[in-house]
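Here is how the chains run, residue by residue.
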Amino acid sequence: MNVSKSEMAKETSLKPSRRSLPCLVQSYTYSKSLSQSTSLFQSLESECQAPTSVTSVSASKTEQVNTDDNKKDSMLTCSFADLSNFCLALGRDKDYMDESEHANYDRSRLITSSVFKDKSDSKPKVLSKISMERTGGNGSRLKSKRAYLGDCSYSTTNDMNYIASGGLLFKDGKKRIDYILVYRKSNIQYDKRKIFEKNLRAEGLMLEKEPAVANPDIMFIKIHIPWETLCIYAERLNIRMPFRKKCYYTDRRSKSMGRVKKNFMKVKKWMPNNPMVIDKSALPDLQDTDCYTGPFSRARIHHFIINNKDTFFSNATRSRIVYHVLQRTKYENGVSKVGICKLINNGSYEAAFPPHEGAYKSTQPIKTHGPQNNRHLLYERWARWGMWYKHQPLDLIRRYFGEKIGLYFAWLGWYTGMLIPAAFVGVCVFFYGLFTMNTSQVSQEICAATEVFMCPLCDKNCSLQRLNDSCIYAKVTYLFDNGGTVFFAIFMAIWGMEKAQPLDLDLNSSQVTSSATVFLEFWKRRRSILTYAWDLIEWEEEEETLRPQFEAKYYKMERVNPITGKPEPHQPFSDKITRLLVSVSGIFFMISLVITAVFAVVVYRLVVMEQFASFKWSFIKQHWQFATSAAGVCINFIIIMILNLAYEKIAYFLTNLEYPRTESEWENSFALKMFLFQFVNLNSSIFYIAFFLGRFVGHPGHYNKLFNRWRLEECHPSGCLIDLCLQMGVIMFLKQIWNNFMELGYPLIQNWWSRHKIKRGVHDASIPQWENDWNLQPMNIHGLMDEYLEMVLQFGFTTIFVAAFPLAPLLALLNNIIEIRLDAYKFVTQWRRPLPARATDIGIWYGILEGIGILAVITNAFVIAITSDFIPRLVYEYKYGPCAHESKNTVSCLKGYVNNSLSFFDMNVLRMGKLGYCRYRDYRNPPWSSKPYEFTLQYWHILAARLAFIIVFEHLVFAIKSFIAFLIPDIPKDLNDRIRREKYLVQEMMYEAELEHLQQQRRKSGQPVHYEWP
């Protein structure tokens, strides 16, 4: 017995469970029930039966609470089974016909043609017109209903217009291009391509071929994935899609803060807008994905909000699904003859990439005419240099490039934002030294020591030097080695402590959104917010396929994979250990090569030191130590850049020698080797200057010599810190300039050359978008490895020796501001569109950053204790100075420190024809003592104080970091409660939706219906 719709409308509505009632009451302003989200598709069917109002199905308790609204709206139930069949029928394309390789057509149609809608696409337009006539005074309710549906859509309704205007359609002007394959007609791998393309069609993909305009040997294969195939693979891959508007609840704590927050918002309205925040009106695509999501299922398609089948799955999702099919399609008989990557490696195809959405520039201004496509929007609001001070539109970056690249830019922006307080404190320490430089007791004594002669710093061409000649060096040293140095070192060791702020899910802001903690703890909390907002909480990376090299090497040895349950090639443990030992031996060999290069630079400094001391130019002769250090730094930088080129090839060879099983294992192994090589190469000379320069030179009359020939180099009379600052500043500055030039200059030159090779008779307007993408440079073969490596090395530079160079965070901040826009410009304009991959974290780089953080604490403790004069000044001030025995003293406690830190030596021993004593930096007995030139008691006091400071500093910093990490959870409590709450609500809503669907089926079949939830 069938029941009519008019009879169903009179039946009592379903009562929701008490557990979901609070959420449903609060979400009433958006939607009265889940079925309202599907009423848009069925209101046309009820056009004749309910001509006076917008029809909907109520499954909410709010029907009883708001009785006035119930009387105004008539209730009409909808068939979810009909909706399921309707949605699946949207994507059935029956008129597809494959094209030959030599097919030609009018390309102007790609640019000027509009999107042809099928019959089902016209329903929403008719609905909007009819609904506006019926609602009358209830237009606001209809508007909220549309907002409810639109906010949950992952793609805007303009996506198809963007695709049409960019020419990214098949020849019929309807099917969108989701992926591009490129091959050469002259390639002999025709059979493999033919089988591969045949299997792709069998998997449900649609292919269309077209020759290139500029090069007739190039052939493009355009790939479109239809709706039915999308649904099949979305279900297989458990892709989460929106099905219900989110509803939030307020707990007792937020209620108590509601009044304060309300007053704060009133005050904020009177304040000027933050110029760094992007105006949301300028980003029409950045609508909050404020919906509950669940794994897509064709059997439960009625659960999901489908406004348009062309935009239901985002471009990134469609590209990922196509790539999934390409990676698992066979091209020959055999277990390992699978995947587009192998076909590219053997030369069957030249490239495979998703196309950009169109040109990134427009002749019409974006403010008046809007963006042409998402690429144009990214360029105008992100990649353009004029937007350097704006926050990044992370949500749009994630939608266009995928979560993996989005996380990289989120981490880079987060790191840059965290550099602001570090740079501010570093600049304050520097200016504190600048303003107090003339009042420093140590600098005053050095500048006034006109009668104090220092012993010669070299054997042949050096003469006695007055101590006041190093007055300038003493003042420059004080800029970096003053009372604020220790504070700054502790601040950087516990870097990242800031005031707590409430939880905020605005992804376009780089402000701190969590409680106080260290830098890495901050990032873990920020990452948890991103993974929640991007719906990655329950995402798990699928089982990776084996690398072709691994399969080819170990195809004879198989075992059953415990995850998939299928036999696969296996690497024996003995073979793995042997290859790992060889790889580790290669790593140690390369590290020893770096140490050898540093040793060569040291020998160069020893040899050239004598030459600069007798140089003809008076300036060089007078400042020969500075000239020696500057020449050594420049040569060391050249060696660093040369060795970096060799290290990449050696790391590539050693990683392939290990035969990693999967691509992720290969990337992690290669990244670790590159980091070790470049970290040692970059910092080995700095470690030498910080901890070895001037430590083992001996004393006048008994100097230690290298190979009994060259006297070891001493520090400047003002200390070794000036050499360390010079080394760090020059290397950091030059390396950043070189990296930025290579990142932007190299792709620009290559792309210019590619465009230059195109025939002059071909106009740019006649070249389709996929061919323009082909002429761009592919993304780096190592993915984001080079980007992360550059920033991690900079992070090490910023933290490890920051006590010796407080301006390092400022240089890093300025570089990162440029780096963000440079990388953005490169991704948007100079590179082909990379595959939008998913990820939940930054991978192995987080562990490397943790290791750098631990090393930074230890290194800064040693720099303060050994390299700087902080400990000797402290010991003198409280043990040997004028304040040691008097509690109240009007003189400086460091008065006489310079004279106390210099030892005496009899110049008669030097045979220079001069009488008297010269001075040198050390704590030794004078020549007239009973034990001449032996270490004094003060030397041992200073040594003990240095060791004690290192131990106390390290334990104090590690204790504070551990305590903060213990107090602050990785996931904010508000976010954790919200995640648990949403899991609960999703289960309830799925359950209630299934019961409602079941009742619809029972009404159709004439069976009795239960009106209460069980």
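Residues numbered from 1 in each chain as written. Predicted model: local features only at pLDDT ≥ 70, side-chain atom pairs only at ≥ 80, totals over all residues. Heavy atoms only, no water.

Engineer: Got a minute to help me understand the overall build of the protein in this structure?
Structural biologist: The secondary structure content of the protein amounts to 37 helices and 16 strands. Looking at the protein as a whole, 53% of its 1014 residues qualify as buried. For the protein, contacts bridging at least 24 residues in sequence account for 75% of all contacts bridging at least 6. Counting only carbon and sulfur atoms, one obtains 59% of the accessible surface of the protein, whose full area is about 48300 Å². (Helix = DSSP H or I, 4+ residues; strand = E, 2+ residues; numbered from the N terminus. Buried < 20%, exposed > 50% of the residue type's maximum accessible area, 1.4 Å probe, protein only. Contact = heavy atoms within 4.5 Å. Areas by Shrake-Rupley, 256 points an atom, 1.4 Å probe, with all protein chains shown as cover.)

Engineer: Looking at this structure, I do not really get the state of the cysteines. What am I missing?
Structural biologist: Simply put, the disulfide is a covalent bond whose two ends are the sulfur atoms of two cysteines. Applying the stated criterion to the full structure yields three disulfides. Across the disulfide, cysteine 447 is cross-linked to cysteine 471 (sulfur-sulfur distance 1.8 Å). Here the disulfide of cysteine 447 and cysteine 471 is right-handed, its torsion about the S-S bond being about 80 degrees. Of this pair, cysteine 447 sits in helix α20 (residues 441-448) while cysteine 471 sits in helix α21 (residues 471-480), and the two are 24 residues apart along the sequence. Two residues share a disulfide in this structure: cysteine 883 and cysteine 893, whose sulfurs sit 1.9 Å from each other. Judged by the sign of its S-S torsion, about -90 degrees, the cystine formed by cysteine 883 and cysteine 893 is left-handed. With cysteine 883 in the loop between α34 (870-880) and α35 (897-901) and cysteine 893 in the loop between α34 and α35, this residue pair connects regions lying 10 residues apart in the sequence. On the basis of relative accessible area, cysteine 893 is assigned to the partly exposed category, the value being 23%. (Disulfide = S-S within 2.5 Å.)

Engineer: What should I look at first to understand the sheet that holds strand β3 (residues 218-224) in this one?
Structural biologist: In a beta sheet, neighbouring strands pair by backbone hydrogen bonds and run either parallel or antiparallel. Spatially, four strands are ordered β2-β3-β1-β6 in an open sheet, and the strand pairing comes out antiparallel. One side of each edge strand has no neighbouring strand; the edge strands of this open sheet are β2 (206-211) and β6 (351-353). When the angles between neighbouring strand axes are averaged without regard to direction, this sheet yields 20 degrees. Across three bridges, the pairing between strand β1 (residues 179-184) and β6 is antiparallel. Across the sheet, residue leucine 181 finds its bridge partner in β6, namely alanine 352. (Pairing = 2+ DSSP bridges. Axes fitted to C-alpha atoms, helices over the stretch in contact; angles between N-to-C directions.)

Engineer: Honestly, a nonpolar patch on the surface in this entry has me stumped. Any pointers?
Structural biologist: Judged by side-chain polarity, Phe573, Ile577, Leu580, Leu581, Val584 and Phe588 come together as a nonpolar surface patch covering roughly 600 Å² of accessible area. Relative to the helices and strands, phenylalanine 573 is located in helix α25 (residues 573-613). (Patch = residues over 30% accessible without salt bridge, like charges linked within 9 Å, V, L, I, M, F, W, Y side chains within 5 Å. Salt bridge = Lys/Arg side-chain N within 4 Å of Asp/Glu carboxyl O.)

Engineer: Help me understand the confidence of the model for the protein, please; the structure alone is not making it clear to me.
Structural biologist: A low pLDDT score tells you not to read the predicted coordinates there in detail. Taken as a whole, the protein shows an average pLDDT of 74; of its residues, 73% reach a score of 70 or greater. Under a pLDDT of 50 for its full length, residues 153-157 has, in the predicted model, 15 contacts with residues more than four places off or in other chains. (pLDDT = per-residue confidence, 0-100.)

Engineer: Teacher, can you tell me more about unusual backbone geometry here?
Structural biologist: The backbone of tyrosine 659 shows a phi angle near 55 degrees, a positive value even though the residue is not glycine. Structurally, the position occupied by tyrosine 659 is in the loop between α27 (624-658) and α28 (663-691). Residue phenylalanine 707 is not a glycine yet carries a positive backbone phi of 55 degrees. In this fold, phenylalanine 707 is placed in the loop between β13 (705-706) and β14 (710-711).

Engineer: What is the right way to read the environment of arginine 833 from this model?
Structural biologist: Relative to the helices and strands, arginine 833 is located in the loop between α32 (808-830) and α33 (844-867). Taking relative accessible area as the criterion, arginine 833 reaches 4% and is therefore assigned buried. With 480 residues separating them along the chain, arginine 833 and phenylalanine 353 place their C-alpha atoms 6.8 Å apart. Leaving out residues up to four positions away in the same chain, arginine 833 has contacts with Asn315, Phe353, Pro354, Pro355, His356, Glu357, Arg399 and Tyr400.

Engineer: When you look at the pairing of β3 in this model, what are you seeing that I'm missing?
Structural biologist: Within a regular beta strand, the side chains point alternately toward one face of the sheet and then the other, so they alternate between its two faces. For β3, the buried fraction is high: seven of the seven residues fall into the buried class. Of the strand pairs in this sheet, β1 and β3 are connected by six bridges, and their pairing is antiparallel. In the sheet register, leucine 181 faces β3, and the bridge partner there is isoleucine 221. The loop that links β2 with its antiparallel partner β3 comprises six residues.

Engineer: Looking at this structure, I do not really get the packing of helix α17 (residues 374-383) against α32. What am I missing?
Structural biologist: Angle between the axes and distance between the axes are the two parameters that describe a pair of packed helices. Two elements in contact, α17 and α32, have axes separated by 10 Å at closest approach and are oriented at 165 degrees. Compared by their axis directions, α17 and α32 come out roughly antiparallel. As for the relative orientation of α17 and α32, their crossing is left-handed in sense. For the pair α17 and α32, the contacting residues are Arg375, Leu378, Tyr379, Trp382 and Ala383 in the first and Ile820, Arg821, Ala824, Tyr825, Val828 and Thr829 in the second. Among the residues making up the contact of α17 with α32, the classes are represented as eight nonpolar, one polar and two charged. (Parallel < 35°, antiparallel > 145°, perpendicular 65-115°, else oblique. Left-handed = near helix turned anticlockwise from the far one by under 90°. Nonpolar A, V, L, I, M, F, W, Y, C, P; charged D, E, K, R; others polar.)

Engineer: Would you mind showing me how to read the side chain of lysine 735 here?
Structural biologist: Among the secondary structure elements, lysine 735 is positioned in helix α29 (residues 721-757). Although lysine 735 is buried, it makes no salt bridge; glutamate 790 carries the closest opposite charge, 6.4 Å away. With sequence-adjacent residues up to four places away left out, lysine 735 is seen in contact with Phe637, Leu682 and Leu793. (Lys, Arg positive; Asp, Glu negative; His and termini not counted.)

Engineer: Would you explain the packing of helix α31 (residues 785-800) against α32 in this entry?
Structural biologist: Interaxial distance between α31 and α32 falls to 10 Å at its minimum, and their mutual angle equals 170 degrees. If you check the angle between α31 and α32, you find them roughly antiparallel. Contacts between α31 and α32 involve Glu787, Glu790, Met791, Gln794, Phe797 and Thr798 from the first element and Ala808, Pro809, Ala812, Asn815, Asn816, Glu819, Asp823 and Lys826 from the second. Looking at side-chain class alone, the contact of α31 with α32 contains five nonpolar, four polar and five charged residues.

Engineer: Where do I start with the nonpolar core in this structure?
Structural biologist: The nonpolar side chains of a soluble globular protein tend to be buried, and buried together. With 138 residues, the main nonpolar core has Trp382, Phe401, Trp411, Trp523, Leu724, Phe801 and Trp845 as its most contacted residues. Setting aside anything within four residues of it in sequence, one finds tryptophan 382 in contact with Leu377, Met387, Gln392, Pro393, Ile397, Phe401, Phe409, Ile820, Arg821, Ala824 and Val828. Within the second largest apolar cluster, 38 residues are counted, among which are Tyr179, Met241, Ile306 and Phe313. (Core = buried A, V, L, I, M, F, W, Y, C linked by side-chain atoms within 4.5 Å.)

Engineer: Got a minute to help me understand the packing of aromatic side chains in this structure?
Structural biologist: Each aromatic ring pair is summarised here by two numbers: the centre-to-centre distance and the angle between the ring planes. For the structure on display, the rule yields 54 aromatic pairs. Considering the side-chain rings of phenylalanine 409 and phenylalanine 827, the 5.6 Å spacing of their centres and the 75 degrees angle between planes classify their relative orientation as edge-to-face. Of this pair, phenylalanine 409 sits in helix α19 (residues 403-435) while phenylalanine 827 sits in helix α32, placing them 418 residues apart in sequence. Using a relative accessible area of 0% as the deciding quantity, one classes phenylalanine 827 as buried. (Phe/Tyr/Trp six-rings, centres within 6.5 Å; stacked < 30°, edge-to-face > 60°.)

Engineer: What exactly am I supposed to notice about α28 here?
Structural biologist: Residues separated by three or four positions in an α-helix point in the same direction, a consequence of the helix having 3.6 residues per turn. Between the first and last C-alpha of α28 there are 40 Å, a value that for 29 residues agrees with the 42 Å anticipated at 1.5 Å per step. The largest bend in α28 comes to about 40 degrees, at asparagine 683. (Expected span 1.5 Å × (residues − 1). Bend = angle between axes of the 7 residues up to and from the residue.)

Engineer: Just checking my understanding: could you explain the pairing of β2 for this structure?
Structural biologist: Buried residues dominate β2, accounting for six of its six residues. Neither face of β2 is exposed, since Met206, Glu208 and Glu210 on one face and Leu207, Lys209 and Pro211 on the opposite face are all buried. Bridge count between β2 and β3: six bridges; the pairing is antiparallel. If you follow glutamate 210 over to β3, its bridge partner there is phenylalanine 220.

Engineer: I would appreciate a short explanation of the pattern of salt bridges in the present structure.
Structural biologist: Pairing between side chains of opposite charge can happen when the charged atoms of each approach one another. This structure, assessed with the given rule, holds 30 salt bridges. Residue glutamate 208 pairs with lysine 222 through a salt bridge whose shortest N-O separation is 2.9 Å. Of this pair, glutamate 208 sits in strand β2 while lysine 222 sits in strand β3; the two residues are 14 residues apart in sequence, bridging distant segments of the chain. Both residues of the pair, glutamate 208 and lysine 222, belong to the buried class. With its nearest N and O atoms 3.1 Å apart, the salt bridge here joins lysine 309 to aspartate 310. Accessibility expressed as a relative area gives 11% for aspartate 310, which makes it buried. Put simply, Arg320, Asp395, Arg398, Arg399, Glu403 and Arg838 are held in one network by salt bridges that share partners.

Engineer: What exactly am I supposed to notice about the side chain of arginine 193 here?
Structural biologist: For arginine 193, the position within the fold is in helix α11 (residues 190-202). Here arginine 193 occupies a buried position and makes no salt bridge, while the nearest side chain of opposite charge, glutamate 197, is found at 4.9 Å. In terms of polar contacts, arginine 193 uses its side chain to reach the backbone carbonyl oxygen of serine 348, at 3.4 Å. Excluding anything up to four places from it in sequence, arginine 193 contacts Tyr183, Arg184, Asn187, Ser348 and Tyr349. (Polar contact = N/O pair within 3.5 Å; in protein donor to acceptor, adjacent residues only side chain to side chain.)

Engineer: So what exactly am I meant to see when it comes to the environment of serine 443 here?
Structural biologist: Take serine 443: it is sitting in helix α20. The spatial distance from the C-alpha of serine 443 to the C-alpha of asparagine 468 is 9.4 Å, given a sequence separation of 25 residues. Aside from chain neighbours lying at most four places away, what touches serine 443 is Met437, Ala474, Lys475 and Tyr478.

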